[in-house]
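Structural features, examined
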Amino acid sequence: MHLFFTPDLQPTDASYTLSEEESKHCARVLRLGQGDEVTLIDGRGGLFKAEIAEANPKKTKISILEYRPEYHKRGYRIHIAVAPTKNMDRMEWFVEKAVEMGIDEITFLQCARSERKNLNLDRLEKIAISAMKQSMKAYLPTLHELTRYADFIMQPQSGQRFIAHLVEGQERHSLAKSISGEDTYTILIGPEGDFSPEEVAQALQAGYKPVTLGQSRLRTETAALAACHTIHVLLDV
């Protein structure tokens, strides 16, 4: 199945012209031609069955045959708020795998012990798009710019909220045993040096519940993906 990302395609459109990047991939890389069937996704849940009307490496024209709204829509949402690692390769890996698995929103946190002060959001968005296409997802998650931890904690978040931390002396419950039904789940994952005690206290005061992701001490990107996976395992039944 040949799949292309068409973010501005509307449900009522009968035809569409691929972007130059997608046209080049279609006509030159895949060598598709007139009459070949393709699949289009808009990143908002729409999946379109279509065929090529005119193959051109700059402007490939597509005829829309069928529209499927809310393709594989889940009854729950996952929002991971994570402090980027010093090595961005590891954070790019997380974004790729989380999108393949299924995630709705990612916020990058600037914490007290964060070692990274900036990130290339454009590159991360391209990785997310590629992963969405690879895994046949119709929803592109929202990626937020680097956000100060204190600012994020003050933002209202719907649904159930958790903070995964390693601060000793505080009671924590298993995330797997804390999930209860289809809902929106927001989970905070700290930097490589973990959240500071003050940050944990801020989260608890804001209504976040402290959780653990198991007995192992996990890297930041592993913890973020484990949290995402745990919710899927419990609710994809």
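See above for the structure.
Before going into details, it helps to say that this report is about the structure given with it. Values in this document were obtained by computation on a predicted structure and should not be read as measured data.

Some remarks on the pattern of salt bridges
In this structure the tally under the stated criterion is 15 salt bridges. A salt bridge links R90 to E192; the shortest N-O distance between them is 3.0 Å. Remark: E192 occurs in the loop between strand 11 (184-189) and helix 6 (197-205) and R90 occurs in helix 2 (residues 88-101); sequence separation between them is 102 residues. Taken together, the salt bridges that share partners define one network made up of R74, R77, D104 and E105.

Concerning the side chain of D42
Structurally, the position occupied by D42 is in the loop between strand 3 (37-41) and strand 4 (47-54). There is a polar contact of 2.7 Å between the side chain of D42 and the backbone nitrogen of R44. At 3.3 Å, the side chain of D42 forms a polar contact with the backbone nitrogen of G45. Look past the residues within four positions of D42 in its chain and what remains in contact with it is F5, T6, P7, L9, F48 and A138.

Considering the pairing of strand 8 (residues 142-148)
Here strand 7 (residues 105-110) pairs with strand 8 via six bridges, running parallel. Bridge pairing links F108 to L146 in strand 8. Following the backbone out of strand 7, through helix 3 (residues 121-134) and into the adjacent parallel strand 8, one traces a crossover that is right-handed.

Quick look at the packing of aromatic side chains
Under the criterion given, the structure shown has three aromatic pairs. Taken together, a centroid distance of 5.4 Å and an interplanar angle of 45 degrees make the contact between Y149 and F195 tilted. In this pair, Y149 sits in helix 4 (residues 149-154) while F195 sits in the loop between strand 11 and helix 6, placing the two residues 46 residues apart along the sequence. Side by side, Y149 and F195 carry an identical accessibility label, which is buried. Each ring, one from F162 and one from Y185, has its centre 6.4 Å from the other, and the planes form 10 degrees; the classification is stacked. Here F162, found in strand 9 (residues 160-164), pairs with Y185, found in strand 11; they are 23 residues apart in sequence, far enough to count as distant. Of the two residues, F162 and Y185, neither departs from the other in class, the shared state being buried. Between R74 and the ring centre of Y76, over which it is positioned, the NZ or CZ distance is 5.0 Å.

Considerations on the sheet that holds strand 5 (residues 61-68)
One open sheet holds the five strands; their spatial order is 1-3-4-5-2, and the pairing between them is mixed. The outermost strands of the open sheet, each flanked by one partner alone, are strand 1 (3-5) and strand 2 (15-17). Each adjacent strand pair in this sheet contributes to an overall mean axis angle of 40 degrees, direction not counted. Relative to strand 5, strand 4 runs antiparallel, the two sharing seven bridges. Among the inter-strand pairings, I52 is bridged to a residue of strand 5, identified as I62. The strands that helix 3 touches are strand 1 and strand 3; relative to strand 1, the one it contacts most, it runs at about 150 degrees.

The rules behind the values
Residues numbered from 1 in each chain as written. Predicted model: local features only at pLDDT ≥ 70, side-chain atom pairs only at ≥ 80, totals over all residues. Heavy atoms only, no water. Salt bridge = Lys/Arg side-chain N within 4 Å of Asp/Glu carboxyl O. Helix = DSSP H or I, 4+ residues; strand = E, 2+ residues; numbered from the N terminus. Polar contact = N/O pair within 3.5 Å; in protein donor to acceptor, adjacent residues only side chain to side chain. Contact = heavy atoms within 4.5 Å. Pairing = 2+ DSSP bridges. Right-handed = clockwise from strand over helix to strand, strands pointing away. Phe/Tyr/Trp six-rings, centres within 6.5 Å; stacked < 30°, edge-to-face > 60°. Buried < 20%, exposed > 50% of the residue type's maximum accessible area, 1.4 Å probe, protein only. Lys NZ or Arg CZ within 6 Å of the ring centre and 35° of its normal. Axes fitted to C-alpha atoms, helices over the stretch in contact; angles between N-to-C directions.

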